[in-house]
Each structure stands twice: as C-alpha cells, then as structure tokens.
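What the coordinates show
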Amino acid sequence: MTVTQPKGFRAAGVAAGIKDSGKLDLALVVNDGPLQVAAGVFTRNVIKAAPVLWSQEVLKQQRLKAVVLNSGGANAATGPGGFQDTHKTAEKVAELFEAGAIEVAVCSTGLIGERLPMDALLSGVDAAFKELGTGAETDLNAATAVMTTDSKPKQAVAKHDSGWSVGGFAKGAGMLAPSLATMLSVLTTDAVVTPEVLDRALRAATGITFDRLDVDGGTSTNDTVLVLASGASGVEPTEAELTELLTTVSLDLVLQLRADSEGATKYVDVTVTGAAGEADAIAVGRTIAEDNLVKTALFGSDPNWGRIAMALGRVPAEIDPEKVAIAINGVTLFAKGTPAADRSEADLSGRDIKIVVDLGLGDGEATIYTTDLSHAYVEENSAYSS
C-alpha cells in the first residue's frame with residue numbers, strides 16, 4: 001500500500017477510454033478526513049495547462065476532498081474551452097461526493113494542444129468512484145493510470161514510529177527539469193497538521209527533491225505536486241518531522257522518475273559544494289546537468305572533465321578557476337586550474353555516476369539529479385506526437 005497507506009484515503013484507477021490503447025487512464029484519490037487539509041506546488045512555466053490554473057485557484061482554500069487525474073491528454077494550450085473542461089471534471093467529481101467543485105483538484109498529462117474526450121472522461125469518473133478502495137492493487141491502478149511514456153508506475157511510502165505515515169505516487173519520464181518536471185504526483189498523510197505547516201513542509205521537501213530533477217531542461221506545462229492530509233492517525237508531528245518524511249517519500253519518487261526517464265543509461269548526481277551561496281550551487285549544477293556535451297560524454301562513459309569545466313564556466317555565478325576542483329566517481333581530475341589526474345582513472349562503466357564540483361568559495365551546496373543523453377532518448381522524443 002502506498003497512497004492509501006495513510007489512514008483516511010481511498011483511490012482508484014480505471015480505463016476511461018481517453019487513451020486509444022484501452023489502458024488505465026483515469027485516477028481518483030479521495031480524502032475521507034476527518035481533516036481535509038491540502039497544499040500544492042506547480043509548474044513555473046508561463047504557459048500553464050488548464051488543470052494547473054484550476055488547481056492553483058482551488059488550493060487557495062488549502063482544502064481538498066479529492067483529486068482526479070487523467071493521462072492521454074494534457075489539456076494545455078486549449079484556450080477557454082479547455083478550462084471549461086477542467087471545471088466540468090471538477091464539478092462531476094464534486095457531485096458524486098456532495099461537495100463543492102472548489103474542493104476538487106484536477107491534473108492532466110499527455111500531448112499538449114488537444115481537447116480531452118469529455119464523454120469518456122466523465123464516464124470514467126463514475127467508474128472510478130465505484131472502484132474506490134484501499135490496498136496494494138487499488139494503489140497500483142491509480143499510479144498506473146497516470147502514466148504516459150513511463151514504463152512502470154512509481155510509488156513510495158514511509159512510516160513514522162509514532163504511528164503516522166506518508167504515501168504517494170508520481171509519473172514522469174520525459175520533459176523533466178527543475179520547476180517540477182513533466183510530472184504529476186499525489187502525496188497523502190494521515191498526520192494532524194495545519195494548512196500553514198503542510199504548505200511549508202511540502203515546499204521545503206520539493207525544493208530539494210522534485211525541483212532538483214533535471215533530465216533534459218524541459219519544464220512542463222502541467223507540473224503538479226499535491227499533498228493531502230486526513231488527520232486520521234490522530235498524531236500531530238512537528239514541522240521538522242513532517243518535512244523529513246515528505247522529503248523521504250519525494251526523493252524516493254524522484255529517483256524512480258530518473259531511473260525510468262526516456263532513454264537513460266546512466267544515473268547521474270551532480271553535486272556542487274563550496275559555492276558562495278545555494279543559488280549559485282543550484283545554477284552550476286543545473287547547467288552541468290542540462291549540457292548536451294556533458295550528457296553525451298557520459299553516455300559514452302567518457303570522463304571528459306573538460307566539458308564539465310566548460311559548462312560551469314559559463315554560469316553567471318561567482319567562480320574562481322584557480323579554486324575549482326572537479327571529481328568524477330571519486331577521482332579528482334581537475335584542481336587549482338590544472339589537470340589533477342589522468343581521466344582514465346575515473347571509471348564510468350557502471351550506471352551510477354557522481355560528479356562533484358567544489359567551487360572553493362563558501363558553504364553553498366546542492367545536488368541535481370540527471371541522466372545521460374542517448375540515441376533512445378532522441379528516437380522516442382522524435383516520434384512522440386505520432
């Protein structure tokens with residue numbers, strides 16, 4: 001059990017007919033309370049999908065009864081009609097629970113620029129309502145229903161010794177970059193928590209997990225991470241405890257997203273230390289993670305630290321070349337402005353690669369999670385809409 005492991009939640013995943021393949025394509029997650037506290041973070045892309053605009057608005061109430069999610073269509077760049085479709089979807093869910101549409105968040109994922117088949121979607125809401133339940137199979141169906149180019153569902157759960165837990169699922173395989181990735185994620189907790197604490201804890205957790213995933217530099221129009229709190233455990237953790245468990249589950253999901261990202265053959269951690277501040281560390285890490293010359297070298301298992309030096313050197317951050325050190329898989333290859341070891345000493349033959357860049361200037365640090373750039377990534381993304 002994952003998303004329904006915390007007490008007070010039910011979920012379902014059904015085949016509504018949104019996808020031509022007939023696969024699962026609509027999920028519903030319901031908070032039965034007694035609390036219905038919620039928080040969310042969303043894409044920072046200026047072109048936001050209708051479900052993002054809707055869910056941002058309803059989250060101002062910091063309360064949700066349910067979340068409905070569909071794959072098979074992003075409902076992005078669809079104009080006023082697309083927003084009306086999102087509103088109708090929320091109204092349909094609310095009607096089944098005798099709630100208000102303002103208590104329902106909506107998430108969509110898939111191809112940008114096409115309206116959703118609303119007859120199928122609304123019928124799917126009815127079907128999902130009838131299938132609501134708890135348990136491993138139910139949770140798996142919900143996690144599977146949000147998949148697009150994913151090859152497998154992503155789920156995670158963590159339990160606290162005092163009797164409360166956090167669970168959740170996520171989807172995403174491409175268009176993955178900071179600002180949340182092309183990704184939907186629903187997290188649940190049965191902790192007793194105030195809206196203000198939940199919001200701060202979610203932002204703290206996603207800031208060092210989902211926001212640090214950068215596979216290809218693409219920030220989606222639909223990125224959404226929601227957390228729902230039921231209070232059903234009766235336990236009120238400290239804010240630090242809540243943040244820690246949300247971070248644990250979020251990082252678990254992020255690493256699963258990276259592992260299943262399109263065409264990936266290497267899992268790469270880019271850690272920047274010694275920066276003048278955290279913002280500089282993040283900027284350097286992101287630039288290295290997104291650089292195509294770095295990524296193709298990693299695909300070829302080539303410890304070409306010169307490409308890393310080039311990438312970090314073009315970042316508008318405080319950098320002193322005489323203080324920079326670059327290490328790959330534990331071998332320092334560049335330091336104090338000169339080569340420090342033969343590049344052949346760094347072994348990149350395995351799947352896991354750790355790049356550490358020490359700027360030698362301060363205490364700022366950050367880790368960005370990325371991958372290599374392979375033939376398979378190009379092939380899959382060159383044919384996505386067809």
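Under the annotation held in an unreviewed UniProt entry, the protein chain carries the name Arginine biosynthesis bifunctional protein ArgJ and is attributed to Amycolatopsis regifaucium. Recorded under Function (unreviewed entry), the UniProt text for the protein chain is reproduced unchanged: "Catalyzes two activities which are involved in the cyclic version of arginine biosynthesis: the synthesis of N-acetylglutamate from glutamate and acetyl-CoA as the acetyl donor, and of ornithine by transacetylation between N(2)-acetylornithine and glutamate." Quoted verbatim from the Sequence similarities (unreviewed entry) heading of the UniProt record, the comment on the protein chain is "Belongs to the ArgJ family."

Before going further, it helps to examine the overall build of the protein chain. A tally of helices and strands in the protein chain yields 10 helices and 15 strands. The globule rule puts the C-alpha radius of gyration for 386 residues at 21 Å, and the 21 Å found for the protein chain is close to it. Structurally, the protein chain occupies a C-alpha span of about 70 × 50 × 35 Å along its principal axes. Sequence-distant contacts in the protein chain: of pairs separated by 6 or more residues, those separated by 24 or more amount to 79%. Carbon and sulfur atoms make up 50% of the accessible area of the protein chain, which amounts to about 14900 Å² in all. Taking the average location of the 31 positive side-chain charges in the protein chain and that of its 50 negative ones, the two points are 2 Å from each other.

Next up on the list: the nonpolar core. Formed by 50 residues in total, the largest nonpolar core has its most connected members in Leu26, Leu64, Val67, Leu69, Phe169 and Leu226. When residues of this core are assigned to their parent elements, the largest contribution, 5 residues, is made by strand E2 (residues 26–31). Each residue touching Phe169, except ones within four places of it in the same chain, is listed here: Val3, Val29, Leu69, Ala142, Ala143, Val146, Lys154, Gln155, Leu184, Ser185, Val186 and Leu253. Counting residues in each nonpolar core, the second largest holds 31 residues, with Val41, Ala170, Val215 and Leu245 among its members.

Of all 6 residues in strand E5 (residues 104–109), 6 are buried, a share of seventy percent or more. Neither face of E5 is left uncovered, since the one carrying Val104, Val106 and Ser108 and the one carrying Ala105, Cys107 and Thr109 both have all their residues buried. Note that strand E4 (residues 66–71) and E5 share 6 bridges and pair parallel. Paired with Ser71 across the bridge in E5 is Thr109. Once the chain exits E4 it traverses helix H2 (residues 79–97) before rejoining the sheet at E5, and the crossover so formed is right-handed.

Attention shifts here to the packing of helix H1 (residues 50–58) against H2. Two numbers describe how H1 lies on H2: the axes approach to 8 Å, and their chain directions differ by 55°. Comparing the axis directions of H1 and H2 gives the class oblique. In this structure, the crossing between H1 and H2 has a hand that is right-handed. Of H2, the residues touching H1 (which contributes Ala50, Pro51, Leu53 and Trp54) are Gly82, Phe83, Thr86, His87 and Ala90. Residues belonging to the contact of H1 with H2 are distributed by class as follows: 6 nonpolar, 3 polar and no charged.

Here we take up the environment of Val41. Relative to the helices and strands, Val41 is located in strand E3 (residues 37–42). Between the C-alpha atoms of Val41 and Ser301, which are 260 residues apart in sequence, the distance is 36 Å.

Quick look at the sheet that holds E5 now. Pairing in this open sheet of 4 strands is mixed, and the strands run E1-E2-E4-E5 from one edge to the other. Unpaired on one side and paired on the other, strand E1 (9–14) and E5 mark the two borders of the sheet. The average angle at which neighbouring strand axes cross in this sheet is 10°, direction not considered. Sheet topology note: the E1/E2 ladder contains 6 bridges and is antiparallel. Opposite Phe9, over in E2, you have Asn31 as the bridge partner. On the sheet, helix H4 (residues 136–145) packs against E1, E2 and E4 and is oriented at approximately 55° with respect to E1.

Considering all chains together, one arrives at 15 salt bridges under this definition. Here Asp211 and Arg44 are joined by a salt bridge, their closest N and O atoms 2.9 Å apart. Linking Asp211 in the loop between helix H5 (195–207) and strand E9 (224–229) with Arg44 in the loop between E3 and H1, this pair joins segments that are 167 residues apart in sequence. The buried category is assigned to Asp211, whose relative accessible area is 12%. The partner of Asp126 in a salt bridge is Lys92, and the shortest N-O contact between them spans 3.0 Å.

The rules we used
- Residues numbered from 1 in each chain as written.
- Predicted model: local features only at pLDDT ≥ 70, side-chain atom pairs only at ≥ 80, totals over all residues.
- Heavy atoms only, no water.
- UniProt positions renumbered as here; feature names shortened; annotations may be inferred.
- Helix = DSSP H or I, 4+ residues; strand = E, 2+ residues; numbered from the N terminus.
- Rg over C-alpha atoms; globule rule 2.2 N^0.38 Å.
- Contact = heavy atoms within 4.5 Å.
- Areas by Shrake-Rupley, 256 points an atom, 1.4 Å probe, with all protein chains shown as cover.
- Lys, Arg positive; Asp, Glu negative; His and termini not counted.
- Charge placed at Lys NZ, Arg CZ, Asp CG, Glu CD.
- Core = buried A, V, L, I, M, F, W, Y, C linked by side-chain atoms within 4.5 Å.
- Buried < 20%, exposed > 50% of the residue type's maximum accessible area, 1.4 Å probe, protein only.
- Pairing = 2+ DSSP bridges.
- Right-handed = clockwise from strand over helix to strand, strands pointing away.
- Axes fitted to C-alpha atoms, helices over the stretch in contact; angles between N-to-C directions.
- Parallel < 35°, antiparallel > 145°, perpendicular 65-115°, else oblique.
- Left-handed = near helix turned anticlockwise from the far one by under 90°.
- Nonpolar A, V, L, I, M, F, W, Y, C, P; charged D, E, K, R; others polar.
- Salt bridge = Lys/Arg side-chain N within 4 Å of Asp/Glu carboxyl O.

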